[in-house]
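# Report on the structure
Spelled out, the chains give:
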Amino acid sequence: MIAPLAAACLLAPPAAAAGPAAAAPHGDPVGGPQLASRGIVLNTAPGVAALPKLKFSSYLVADADTGEVLAAKDPHGQYLPASTLKTLTSATLVGKLDPNRLVQPSQKACDVEGTKVGLTPSMKYKVSDLFHALMMMSANDAAVTLAEANGGMRKTIADMNTEAKYLHADDTLAASPNGLDVDYGLTLRTQHTSAYDLVLFLREAMKSPQFRTYVQATQFQFPAPPTKKEKKKHKKVGGYPIYTHNKLLPGQKYGYKGMLGGKNGYTVHAQQTYVAEARRDGHTIIVSVMHGETSPFQAAAKLLDWGFAARGKVQPVGVLAAPGNAQAKKHADGESGGVLPGTSLDSSGGSSALGYEIGGGTLGALLAIGVLFAVYRRRRHPAPRPAGGGGSAGGYGPTGGSGPAGSARDYGAPYDHGPADDRHYGDDRPHNGGRPRNDSYNDASYNDAPYDDGSYNDGAR
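Residues numbered from 1 in each chain as written. Predicted model: local features only at pLDDT ≥ 70, side-chain atom pairs only at ≥ 80, totals over all residues. Heavy atoms only, no water.

## So, the overall build of the chain
Of regular secondary structure, the chain possesses 12 helices and 13 strands. Relative to its full complement of 461 residues, the chain shows a buried share of 57%. A separation threshold of at least 6 residues defines the contact pool for the chain, and within that pool the share at least 24 residues apart is 71%. Surface accessibility of the chain: about 18,900 Å² in total, with carbon and sulfur atoms responsible for 53%. (Helix = DSSP H or I, 4+ residues; strand = E, 2+ residues; numbered from the N terminus. Buried < 20%, exposed > 50% of the residue type's maximum accessible area, 1.4 Å probe, protein only. Contact = heavy atoms within 4.5 Å. Areas by Shrake-Rupley, 256 points an atom, 1.4 Å probe, with all protein chains shown as cover.)

Rendered as C-alpha cells:
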C-alpha cells in the first residue's frame, strides 16, 4: 500500500485544527469581508423585519438568482455536516453516473451504520433508484454503493473534495460520502463544512434535472427481491415505498409554498443541519442552518420567509462564489486529484485525526523517500484525538471499539469501525431486516413546538 501511495501522492501538512473559520489565508474569506464575522451579519434597512431568533450556531440566507448573501450567522464557521454532506455527494456524482446503470452493492455497503434503504448484495439497482434513496430518505447504504459505482470510496471522496474546491467551498473537507462521523472515527478536524458551503452545494446540484427529480419526490417505489407471495405470481422484482424526510416539501408536515428541494441531516455531534431552496413570485431564496437544537424545517421556513421579504431591500453582506474553471476541474477530477481524509496505513483499523491533501504530478525518488519518512513518523507518533464535547467546539471523545481492519483497497481505516450505539441517531438510525421501517424518521429529535417570538407564521406558507 505504501509504495504505490509514495509513487502517486504528495502528502501536504496536516489540515488546521477545526473551528469557526476567520479570514481566508490570502485576504478576505470567500464571498466578501463581512462574511468573516463569527456572529450575525446583516445590513439593516427600513421596513425590513429583524432576523428570526434561531437556536442554531450558523446559518445563511441568499438570493439564488443574483448570488447575493442577504444575511448570515457565522457563515464560514466549520461544523460537522451530518447527512447534508450528501448534497455534495450528489453534486459530484449525479453528472458522472448513468441513471440507468445497474449497480450491485458490496456487503460492506449494505452493512453501513445509520439510516438504510435496505440494499442486498444479491441484487442490482439502478443508479437513479440509489439517488432517490440517498436524497429522499438519507440512505447511507445507497451513498456507499454510489461511491463504489464511481470507482470506490477513496476515489469518490477525492472527487468530492475536488468538486468542493471547484465550487470555492473552502470550508469543506469531506471524508465520507454520507456524512456519518463517529462510525467512521471522524471528528471536526477530519470532516467539516459550513453554512456558506452547503448553499454552494445545493445551488450547484439543483442545476441538474435528475437531481431535482430526486429531491422533489415525496414517495418512490424502491425495488427489492420478490417476496414468496410475489414469486408465486412469477414476479422477478418486488419492492416497497420509501418516503421523503424533507418536511418542507408539498404535502409534508411543514409544507412550504414554492419549496424546490433540500436535504436535512442529524447526528448527535453535528446536531440538526439543513439546506433548502424555494421559489416564489419569480424569485429564488436558498438557506442553510447548522448545529441546531430545534426543528431545522421550522428554522429554514422562517429564514425563507425573511429572505423573500428582505430581497431587494437590504444591502447584501456578501456574494455566493461562482464555480471555478470547468477545464481545470476536469483535469483535476481523477484518482490523484482532490483531498483525501488522513487514514492510518497500519492494520489496526484505527484512524488518524489529520487530513492530508493529495496532488498528482511527476515525482522523483526524493518525494518517495519523503512520503515514506512521513508515514514512518506518523506511525510512531500518532496525532492525539481531540477531547471534549461535540459540535462546533471541536471534536468529541472516543468512539466505540473498532472492528477488524478491512482491505486498504476498499475503504481504508476510517471505514472499518465496528457497530456504533444506535442511540447516536435521529434520522440516521439503522434499519435492520433489509427493508426500511416506516418510522425511520425520528420526529422526537425535533422540537416542533411553536417559537416564542411569534415571527413564524404558519399561514404565510
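## Some points on empty space enclosed by the protein
Overall, the coordinates contain 2 cavities of 30 Å³ or more when judged by the stated rule. As a volume, the second largest cavity reaches approximately 30 Å³. Around the second largest cavity sit Leu167, Leu200, Arg203, Glu204, Lys207, Ala321 and Pro323, which together line it. Class assignment of the residues belonging to the lining of the second largest cavity gives a composition of 4 nonpolar, no polar and 3 charged. (1 Å grid on protein atoms, 1.4 Å probe; cavity = no way out; pocket = protein on both sides within 12 Å on 5 of 7 lines; lining within 4 Å. Points joined across faces, edges and corners; volume = space filled by probe spheres on them. Nonpolar A, V, L, I, M, F, W, Y, C, P; charged D, E, K, R; others polar.)

## Things to note about the environment of Ile286
Inspection of the secondary structure puts Ile286 in strand E10 (residues 283-292). Residue class for Ile286 comes out buried when judged on its relative accessible area of 0%. Residues Ile286 and Gly307 lie 21 residues apart in sequence; the distance between their C-alpha atoms is 8.4 Å. Those residues in contact with Ile286, other than ones at most four positions away along the chain, are Leu60, Val61, Ala62, Ala64, Val199, Leu202, Arg203, Ala276 and Glu277.

## A few points about the packing of aromatic side chains
All chains considered together, the criterion is met by 4 aromatic pairs. Pairing Phe222 with Tyr240 gives two aromatic rings, centres 6.2 Å apart and planes at 35°, and the pair type is tilted. Of this pair, Phe222 sits in strand E6 (residues 219-224) while Tyr240 sits in strand E7 (residues 238-243), and the two are 18 residues apart along the sequence. For the residue pair Phe222 and Tyr240, the accessibility class agrees, reading buried in each case. Pairwise contacts between aromatic rings join Tyr125, Phe222 and Tyr240 into one cluster. (Phe/Tyr/Trp six-rings, centres within 6.5 Å; stacked < 30°, edge-to-face > 60°.)

## Some points on the pairing of strand E2 (residues 56-63)
Most of E2 sits out of view: 7 of its 8 residues are buried. Pairing geometry for E2 and E10, over 7 bridges, is antiparallel. Bridge pairing in E10 places Val61 opposite Val287. Where E2 meets strand E3 (residues 68-73), 4 bridges bridge the pair, whose relative direction is antiparallel. The residue of E3 that forms the bridge with Val61 is Ala71. (Pairing = 2+ DSSP bridges.)

## As for the packing of helix H4 (residues 127-137) against helix H5 (residues 140-149)
Contact pair H4 / H5: the axes reach a minimum separation of 8 Å and the direction vectors enclose 140°. The angle between the axes of H4 and H5 places the two elements in the oblique class. As for how H4 packs across H5, the hand of that crossing is left-handed. Judged by residue contacts, Val127, Leu130, Phe131, Ala133 and Leu134 of H4 engage Ala142, Ala143, Thr145 and Leu146 from H5. (Axes fitted to C-alpha atoms, helices over the stretch in contact; angles between N-to-C directions. Parallel < 35°, antiparallel > 145°, perpendicular 65-115°, else oblique. Left-handed = near helix turned anticlockwise from the far one by under 90°.)

## Things to note about helix H7 (residues 195-205)
Most of H7 is tucked away: 11 of the 11 residues are buried. Listed in full, the buried residues belonging to H7 are Ala195, Tyr196, Asp197, Leu198, Val199, Leu200, Phe201, Leu202, Arg203, Glu204 and Ala205.

No statement about biological role is implied by the geometric values presented.
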